[in-house]
Amino acid sequence: MNNLDAVFLDIENFFQTFLPAWENYLISFGVKQRNKPSLLSVSKVMTIVIAFHQSRYGDFKTYYIHFVYRYSQRIS
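To keep things clear, this report deals only with the structure shown in the data block. What you see is a predicted model; the values in this text were computed from it and never measured. (Residues numbered from 1 in each chain as written. Predicted model: local features only at pLDDT ≥ 70, side-chain atom pairs only at ≥ 80, totals over all residues. Heavy atoms only, no water.)

Attention shifts here to the overall build of the chain. Each helix and strand in the chain was counted, giving three helices and zero strands. Overall, the chain shows an N-to-C arrangement of helices and strands of α-α-α. Here the C-alpha radius of gyration of the chain, 15 Å, is well above what a compact globule of 76 residues would show, namely 11 Å. Seen through its C-alpha atoms, the chain measures out along the principal axes to roughly 40 × 25 × 25 Å. (Helix = DSSP H or I, 4+ residues; strand = E, 2+ residues; numbered from the N terminus. Rg over C-alpha atoms; globule rule 2.2 N^0.38 Å.)

Written out as structure tokens, the structure reads:
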């Protein structure tokens with residue numbers, strides 16, 4: 001298991017407990033929030049953002065094109 005896998009698992013474990021608590025908090029205060037389905041889970045998005053901040057890329061667009069997009073193409 002590489003470092004990115006470990007980061008993803010930690011984030012996934014965190015969001016499994018955080019998201020239900022957050023939704024209950026919003027409901028208790030009457031805050032309405034859209035629940036639009038997406039292709040990526042919150043855990044995957046956060047892993048990409050954390051990996052970007054750990055990388056030496058200067059901007060997110062370059063990072064996404066050179067790392068995330070190419071990696072996702074190899075998996076598909």
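This brings us to the environment of Gln 33. As for its position among the elements, Gln 33 is in the loop between helix H1 (3-28) and helix H2 (42-54). Using a relative accessible area of 54% as the deciding quantity, one classes Gln 33 as exposed. A C-alpha to C-alpha distance of 26 Å links Gln 33 and Leu 9, two positions 24 residues apart in sequence. When sequence neighbours within four positions are dropped, the list of residues in contact with Gln 33 reads Trp 22 and Leu 26. (Buried < 20%, exposed > 50% of the residue type's maximum accessible area, 1.4 Å probe, protein only. Contact = heavy atoms within 4.5 Å.)

Time to look at the nonpolar core. Formed by Ile 48, Ala 51, Phe 52, Tyr 63 and Val 68, the largest nonpolar core amounts to five residues. Of all the secondary structure elements, the ones that give two or more residues to this core are H2 and helix H3 (60-75). In terms of residue count, H2 provides more of this core than any other element does, three residues in total. (Core = buried A, V, L, I, M, F, W, Y, C linked by side-chain atoms within 4.5 Å.)

What follows covers a nonpolar patch on the surface. Together, Leu 39, Leu 40, Val 45, Val 49, Phe 60, Tyr 64, Ile 65 and Tyr 69 give the surface a local cluster of nonpolar side chains, amounting to about 750 Å² of exposed area. Breaking the nonpolar patch down by element, the ones donating at least two residues are H2 and H3. Following the sequence through the fold, Tyr 69 ends up in helix H3. (Patch = residues over 30% accessible without salt bridge, like charges linked within 9 Å, V, L, I, M, F, W, Y side chains within 5 Å. Areas by Shrake-Rupley, 256 points an atom, 1.4 Å probe, with all protein chains shown as cover. Salt bridge = Lys/Arg side-chain N within 4 Å of Asp/Glu carboxyl O.)

We now examine the environment of Glu 12. With respect to the helices and strands, Glu 12 occurs in helix H1. Given the relative accessible area of 23%, Glu 12 is considered partly exposed. As a C-alpha pair, Glu 12 and Ser 41 span 29 residues in sequence and 9.3 Å in three-dimensional space.

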